[in-house]
Amino acid sequence: MTPASERRWLRPPSDDRPASFAYGADYNPEQWPREVWKEDVRLMREAGVTVVSVAIFSWARLQPAEDRWDFAWLDEVLDLLHDSGIAVDLATATASPPPWLTTLHPEILPVTRTGETLSQGARQHWRPTSPVFRAYALRLVEAMATRYADHPALVAWHISNELGCHNIYDYSDDAAQAFRDWLRTRYGTLDELNRAWATSFWSQYYGQWEQIQPPRLAASHANPTQQLDFKRFSSDALKDYLRAERDVLRRITPDVPVTTNFMVMGETKGMNYPDWADEIDFVSNDHYAHPGPQRLDELSFSAALTHSIAHGRPWFLMEHSTSAVNWQTVNVAKTEGELARDSLVHVAHGADAVCFFQWRQSAAGAEKYHSAMVPHAGPDSEVFRAVTALGRTLRELTPVTGSVREPARAALVYDWDSWWAVERDSQPTSLLRYRQEALDWYSAFLALGVRVDVVTTAADLTGYDFVAAPVLHVVPKDLADRLDAYVRGGGHLATTYYSGVVDENDHVHLGGYPGALRDLLGIRIEEFGPLLEDADVRLDNGLTGTLWTDRIEVTDPEVTVLARYETGDQAGRPALTRRVPADGGSASYLSTRLGSQGLTGVLETLLSGAGVASELPAGARGRVEATVRTDGTHAYWFLVNRTDEPVEFDAVDGEALTGPAPAGGGLVLPPREVAVLRVEAGATPFLPGV
């Protein structure tokens, strides 16, 4: 398969236009009468649409009964799109089984932890491990691939849709058998499983594989390692299903790239996307912004994490919203400029395709109040005018297509195992939210105007001057060794409370906390000090901590105490430490939650010790996010105004590809707008001395 960076992005081979950003949406023509289809295509051309995802929820239309197929309508749609120069990312249509299938085979329906069987009537009502479901689904995939293998509109396959969004955890008998098979592969023997699961606790020893069940509702807390393994298994089960569809598609259409839409956003944590990324030809992601003070921070964080999951290669923003969604507590419409700004933040972090859910806003159904490119008001609307303007902007940014995001000097480590482990039951506190802590660190980087990569624990850290790894709870020996080598090699590491505590089997590293990182940090903690929900502590640097404290004992003379507690049970004890070994970088430890604002000053101190500073002028820091893409010849600086006020730059140079251009030696970036400046690779648009 040709890498995405080396081919025209999602264009048919016959298309000789220059490489440019793919632009479009999910398209659901089956919701509309035929007379609307031609109008759809006309408006798509007006908006600059180049690609649409089709047939995502079409199984019941394509196969109305077990022995009856109807492809005629889809043939017509694909022909119409191709004749209008619009490419198709064709879904396998397996996301929601039709009623005839669940009626004929109710055993494909998922079962909850409490033993309830979920019904049809919504979507994703299928078991990832059901052999019956898989047989019917792969039959559909085979039929789709065979019929459309040579269709000139086809540029990519879209496997299922948002795999695991509603069915990641299934506790059925199918899942139980598949879980046992997965455990046999992982552990080999029951003796090894019993050791890893510590089944000597609570008389849980297993003498036969058949005795093992998923962690269903029990009288008390289920075995912690069993719970962690079930999360790993559930992600792997869906990954295995993904492979099954992919293998059919590659056998029949080996030259058509395959993807599926991830959901790197919010609290979507069941699917280990870094582990899935190598199974597809290019990474796609769905992202929906959440209202609140960190709305834009979270959007940028998710885009940066998706870039890492995609191994730095161009990726596809498969879904986001033009305005309001329909599933939040209050569904707020986007304000002027946010549609374009949200889209371009993803582009800044490596997306070479920008698509929405959906093309035309549904007139009925569960998502009828979810915004679309063509809203209920029709094309004579502010939303459609903004959609059309974004299409023009993406054409202006054509030179950026295929470029890669330039690595930052700082990295923020994000770990799925730690996320799963710390939010399970039987913890020192149930108030800890792993992603929120990581997001707070990311917000602090943004407030300082410092570019940061969001990476996984598998990443090579040696190229970074500074690495933050908050709440890195699960630390196997090999990871501990790599972090130690990173610091000994001159790198600067910062971690936090509840880090280094357990190994990959959720067994505590004995001898005192922070366990596997104890010697690296030069501290020892005998007992955690979680705080009650409304409690806080004051530090001698003027900051306030919540959620957690630690009773820290400094064990290494190379450790400096940067802040102490003034109040609480740990008053007078260290709150923030930094070990600076004579032959390396540094290793810092923060023992309380400071929130994004409190972290900003602490992070500035730690970054200064690592020699990392913002590239932005002082007046723009915290107000503008700077992200850089490069093609080796040029650097493309994305300057995103995060505020509702204009931001002025006194001395800026560079060619403006879109947005305001430098004038008179300066640049004024209007509220919520984005400027993209082209300079020579390795250069900055900000003139020296400013």
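Presented here is a report on the structure given in the accompanying data block. What you see is a predicted model, and the numbers here were worked out from it, not measured in a lab. Numbers given for residues are sequential positions, taken from 1 along each chain in its written order. Thresholds applied to this predicted model are a pLDDT of at least 70 for local features of residues and 80 or more for the giving and counting of side-chain atom pairs; totals over whole chains, interfaces and linings are not thresholded and use all residues. As a rule here, side-chain values cover all heavy atoms of the structure and leave hydrogens and water aside.

## With respect to the sheet that holds strand S23 (residues 634-641)
In this description, strands pair whenever DSSP reports at least two bridges between them. Counting from the N terminus, the helices are DSSP H or I runs at least four residues long and the strands are E runs at least two residues long. In spatial order, the strands read S10-S22-S23-S27-S25; together these five strands make up an open sheet with antiparallel pairing. Lying at the two open borders of the sheet, with one neighbouring strand each, are strand S10 (404-405) and strand S25 (655-658). Across three bridges, S25 lies against strand S27 (residues 674-680) in antiparallel orientation. Note that in S27 the partner of Glu655 across the bridge is Arg678.

## Overview of the packing of aromatic side chains
Stacked, edge-to-face and tilted labels apply to pairs of Phe, Tyr and Trp rings (six-membered ring for Trp) whose centres lie within 6.5 Å, assigned for plane angles under 30 degrees, over 60, and everything in between, in that order. For the structure shown, the criterion picks out 39 aromatic pairs. Ring geometry for Tyr414 against Trp419: centres 5.3 Å apart, planes inclined by 70°, an arrangement best described as edge-to-face. Considered together, Tyr414 and Trp419 belong to a single accessibility category, that of buried residues. With 5.0 Å between their ring centres and 55° between their planes, Tyr414 and Tyr434 make a pair best called tilted. You can see Tyr414 sitting in strand S11 (residues 410-414) and its partner Tyr434 sitting in helix H14 (residues 434-448), a full 20 residues away along the chain. Chaining the aromatic ring pairs together yields one cluster made of Tyr169, Tyr171, Phe179, Trp182, Trp197, Tyr206, Phe230 and Phe233. We call a residue buried when its accessible area falls under 20% of the maximum for its residue type, exposed when it is over 50%, and partly exposed in between, using a 1.4 Å probe and counting protein chains only.

## With respect to the pattern of salt bridges
In what follows, salt bridge is the name for a side-chain nitrogen of Lys or Arg lying within 4 Å of a carboxyl oxygen of Asp or Glu. In the structure shown here, the tally under the stated rule is 47 salt bridges. Among the ionic pairs, Arg579 bridges to Asp556, the shortest N-O distance being 3.1 Å. Pair noted here: Arg579 is in strand S20 (residues 574-579) and Asp556 is in the loop between strand S18 (548-554) and strand S19 (559-564), with a separation of 23 residues, a long-range link. Each member of the pair Arg579 and Asp556 is classed as buried. A cluster of three or more residues bridged by salt bridges with shared partners is formed by Arg186, Asp229, Arg232 and Asp417.

## A few points about helix H10 (residues 295-309)
Multiplying one less than the number of residues by 1.5 Å gives the expected span of a helix. Compared with the 21 Å implied by 1.5 Å per residue over 15 residues, the 21 Å span of H10 between its first and last C-alpha is a close match. In terms of burial, H10 is a largely internal element, 15 of the 15 residues being buried. His311 sits one or two positions beyond H10 and adopts a positive phi of about 60°.

## Observations regarding the pairing of strand S13 (residues 466-469)
Here S13 shows two buried faces, one formed by Phe466 and Ala468 and the other by Val467 and Ala469. Relative to S13, S11 runs parallel, the two sharing three bridges. Across the sheet, Ala411 pairs through a bridge with Val467, a residue of S13. Bridging between S13 and strand S14 (residues 492-496) involves four bridges; their strand directions are parallel. Across the sheet, residue Phe466 finds its bridge partner in S14, namely His492. Note on the crossover from S13 through helix H15 (residues 477-488) to S14: the handedness is right-handed. Consider the strands pointing away from the viewer: the crossover is right-handed when the path from the first strand over the helix to the second runs clockwise.

Nothing here speaks to function; it is all geometry.
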